[in-house]
Each structure stands twice: as structure tokens, then as C-alpha cells.
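Architecture and fold: a report
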Amino acid sequence: MEKPAIEGGTPVRETPIYYGHQYIDDADIKAVVDVMKSDYLTCGPKIGELEKKLCALTGAKYAVACANGTAALHMAALAAGVKEGDEVITTPITFAASANCALYCGARPVFADIDSGTYNIDPEKVEEAITPATKAVVAVDYTGQSVALDPLREICKEHGLVLIEDGAHVIGTKYKGQPSGSLSDMTTFSFHPVKTVTGGEGGAVLTNDETFYKKLLLYRAHGITRDESLMEHEPDGPWYYEQIALGYNYRMTDMQAALIISQLDKLPMFSRRRKEIVKRYDEAFSEMPELFVQREIPESDTTRHLYILRIVPERLRIDRKQFFEALAAENVCCNVHYIPTYYFPYYEKLGYRRGLCPNAEKLYEEIISLPLYYAMSDKDVESVIGAVRKIVAFYRV
């Protein structure tokens, strides 16, 4: 595809930079190798160690590690009792799993529009979307900024709904000084490589509710238990177990758990650097009327997973697609997060149509995810800023 040319043209960077990249050091490698030399590769002691570490980090009473963030959402929906005929409210500006978890349970996703400044789900739109069939709300901490938890919790409490916080982006963030992960009925994490902390893959569900916790344990591992207090038959012997629910194989390996444990030791370091980069981006782009900087609520002390650059189309002679291509020509390789979920053909076949969430749809037309990750140097950051400035200067109205 031809990229918009800028006259006079050497790219601001000689080599490409991408929107995200994991950081792995010798301690991470050693942690994984140590497990590979041990007696356990899966279902071993590292799983419990990781769960205890996540509880200590977040203040949650219980944590259940699992295969990935999508599995975490499915498990949370199941534990919440989501079933056929129910509705689950979520945002369209998210990865598809936030809505798919309702479909997995036979329920119907209902999309509530976003706040046009923060890009997070708008609590007022959530309340407007509630019907007698509503069972749960899946609120996504988009980019790592906490959703407006106080109003969302109040709405869910008033209507008897389960609040599932999709915290795939949010590890390291605090809401009113409290770490994200213990502030909703259930919070899900993802440890995909572009996230702040990675296990290659991996996820977790955190909760303070013992009933949810016991259900999550069952749904993670085929619905099978060795807990005699849950069994319906007399055990045949010490080897005995029972399947008492329809669960899944959503277990995490000890190798993944070991890597995540090691990565969590670096979370303060990761968080500081991401905040430094976001601060520098905000300073540079706030000066430019052709761009809009994401607004942050004062309650959220954010460790940003994504940095979203939003263009103001009326002030530029190019659209978002052309801006994206111009950045690529400068060796700044970006992404877009996200396409509204109900735009996808699968959702169209379920009857969803464009026009449901005007703020979300307008946002999608104007956003680009810029590079943001721990290992970016100051020179990298300045080159990204330089590329954006170059394009804006050339194409401004």
C-alpha cells in the first residue's frame, strides 16, 4: 500500500519501532529454566506461589491463575452465573473477548457507549442499558486507566448485578490509592507479551468472594474436585476425585507462572518507565491543536498499557488511515485499539448494527496506538514525537 509522502524526506528513524514489546531479563530466564529442571511443569507449586503474590500485590483475598485473559473472562462469567437468556453489558472499545465471554455462556452482549474524553465505558450509558435480563457488567480498564469504579459499583449494587472488571490492561494501576484487582466482584488479568507484565500467555481472576473463588477453581479444571466436602459419593480411596460441574482445561503451566512471578518483581520499574513515557507524550501532544490527548480521571493513578493518539480530522488534510501510513513511512509502526466489537461479521450475523455507540464509533475513526513499552529509550520516545510533529506540520490545515 502506498504511504503518504512527505517532501524532503529521510525518515525520523533508521529502524522500525513497534507499538509494544516484552522485556525479559536473566532473572526471568532463570526462573523458567529452574522450573524446567524441577519435578513439575504444570499444576505444581508455582501456581499457588503466583496466586499468593497476586493477592499480596492487589489486596484481593483470592486469585485463580489460568491459561489466558480470555479464559479468565469466561471463568468469571460462569462464576457470576451468566447463562442463556441473560444479558451482559460491556464496551465496544475492547478486544472481542470482553463480549465473547457472554456468548460462551449463551448470553447476549449489550454494548454501552464510552465517555468521549476517557474512552472508558460511561456509567450513565450502563444504567440506561439495564433490563430485567441483565446479569453482569464487564467494565474494561481501557489503556490501563481505571474505569469509574464508584458509580459502576453503585449501579451494580442497586440492580443486583455482578461487576466483572476486565483488567487486562490495568495491572499496576491504583484507584483512589488502592491497587486494581480487589475493587470489583471479580477482576481479570492478562499476561500476554504486550501487557505490562507477561508470562508469554496467562491470565488470572481475582475476587474477595469465597463463593466465586470456589466456582472459579472448578471451572478452571474440568469441574473436577478432590475436596471431599463437595463430593456426592463416598470416596473409593485417596486417588478419588469427582466431576461436579462442566468445567474447562484453563490451567496455567508452572513455567508461565514462574515467568510472571519474576516479572511482577519488576512491576514498579515497569510502571515508573511507562509513566515517564506517557508524561513526555502528553507534554508534546497537548501543545498541538491537531491532536487530542486522552483524559484521565483523578481517581486513577494509571500504569498505561497503551498510549492512544487521537487526531482532530477537521485540523488535518489527511484521515487516520493516512496518518497511520505516514507514521509507518517514518519507521514508527503503530496499531489501532480497537475496532468496535459489533463491527465484526460474526456480530453482524447476530443482528448487531453500526450506530449503537456513536462516541465509540467516532473514536475508532480517529485513534492510533503509539509505541509504549518499558525498554523504549529516551531517543526512541523523541523519535516517535518527532514523527508525529513532522506529519502534523506537513498536513495541518
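Look up a bit, the structure's there.
Described in the following lines is the structure provided in the data block.

Definitions and limits used
Residues numbered from 1 in each chain as written. Predicted model: local features only at pLDDT ≥ 70, side-chain atom pairs only at ≥ 80, totals over all residues. Heavy atoms only, no water. Core = buried A, V, L, I, M, F, W, Y, C linked by side-chain atoms within 4.5 Å. Buried < 20%, exposed > 50% of the residue type's maximum accessible area, 1.4 Å probe, protein only. Helix = DSSP H or I, 4+ residues; strand = E, 2+ residues; numbered from the N terminus. Contact = heavy atoms within 4.5 Å. Pairing = 2+ DSSP bridges. Expected span 1.5 Å × (residues − 1). Arc of directions from axis to C-beta. Axes fitted to C-alpha atoms, helices over the stretch in contact; angles between N-to-C directions. Parallel < 35°, antiparallel > 145°, perpendicular 65-115°, else oblique. Left-handed = near helix turned anticlockwise from the far one by under 90°. Nonpolar A, V, L, I, M, F, W, Y, C, P; charged D, E, K, R; others polar. Salt bridge = Lys/Arg side-chain N within 4 Å of Asp/Glu carboxyl O.

Quick notes on the nonpolar core
Of all hydrophobic cores here, the largest spans 32 residues; its most connected members are Tyr-281, Phe-285, Phe-323, Leu-327, Leu-370 and Val-388. The set of elements that each furnish at least two residues to this core consists of α9 (267–286), β13 (291–293), β15 (307–311), α10 (320–329), β17 (367–370) and α13 (378–395). Element by element, the count of residues in this core is highest for α13, at eight residues. Ignoring sequence-local partners within four residues, the contact set of Val-388 consists of Phe-285, Met-288, Leu-291, Leu-309, Phe-323, Leu-327 and Leu-370.

Remarks on helix α8 (residues 254–264)
Extensive coverage of α8 is indicated by the burial of ten of its eleven residues. Taken together, the buried positions of α8 are Asp-254, Gln-256, Ala-257, Ala-258, Leu-259, Ile-260, Ile-261, Ser-262, Gln-263 and Leu-264. On its buried side, α8 packs onto α1 (26–36), α2 (45–58) and α9.

Section: the sheet that holds strand β14 (residues 300–301)
Spatially, three strands are ordered β8-β7-β14 in an open sheet, and the strand pairing comes out antiparallel. For this open sheet the edge positions go to β8 (178–179) and β14, each flanked by a neighbour on one side alone. Bridge count between strand β7 (residues 174–175) and β8: two bridges; the pairing is antiparallel. Directly across from Tyr-175, in β8, lies its bridge partner Gln-178.

Observations concerning unusual backbone geometry
Across residues other than glycine, the phi torsion is negative in most instances, and most of the peptide bonds are trans. In this model, His-337 is joined to Tyr-338 through a cis peptide bond whose omega is 10°. Structurally, Tyr-338 is set in the loop between β16 (332–333) and α11 (345–349). Positive phi values are uncommon outside glycine, yet Lys-176 reaches one of about 55°. Mapped onto the elements of the fold, Lys-176 is located in the loop between β7 and β8. With phi around 70°, Asn-331 is a residue other than glycine that occupies positive phi space. Mapped onto the elements of the fold, Asn-331 is located in the loop between α10 and β16.

So, α2
Between the first and last C-alpha of α2 there are 20 Å, a value that for 14 residues agrees with the 20 Å anticipated at 1.5 Å per step. Every buried residue of α2 is accounted for by Ile-47, Leu-50, Glu-51, Leu-54, Cys-55 and Thr-58. Looking down the long axis of α2, one finds its buried residues gathered within 135° of arc, a one-sided arrangement. Facing away from the buried surface of α2 by more than 90 degrees, the exposed residues are Pro-45, Lys-52 and Ala-56. Gly-59 lies just past α2 and shows a positive phi near 85°.

Brief notes about the packing of α2 against α8
Contact geometry for α2 and α8: axes closest at 8 Å, N-to-C directions at 30°. Our classification of the angle between α2 and α8 gives roughly parallel. Crossing angle aside, the handedness with which α2 passes α8 is left-handed. Of the residues in α8, those touching α2 at Pro-45, Lys-46, Ile-47, Glu-49, Leu-50, Lys-53, Leu-54 and Leu-57 are Asp-254, Ala-257, Ala-258, Ile-260, Ile-261 and Leu-264. Classifying every residue of the contact of α2 with α8 by side-chain character gives ten nonpolar, no polar and four charged.

A few points about the pattern of salt bridges
Opposite charge on two side chains lets them pair, provided their charged atoms get close. Here the structure, examined in full by the defined rule, presents 27 salt bridges. Between Asp-378 and Arg-273 there is a salt bridge, with its nearest N and O atoms 2.9 Å apart. Note that Asp-378 is positioned in helix α13 and Arg-273 in helix α9, a separation of 105 residues in sequence. Asp-378 sits in the exposed class, given a relative accessible area of 53%. Relative accessible area serves as the criterion here: at 13%, Arg-273 is assigned to the buried category. Salt bridges sharing common partners tie together Lys-279, Arg-280, Glu-283 and Glu-382.

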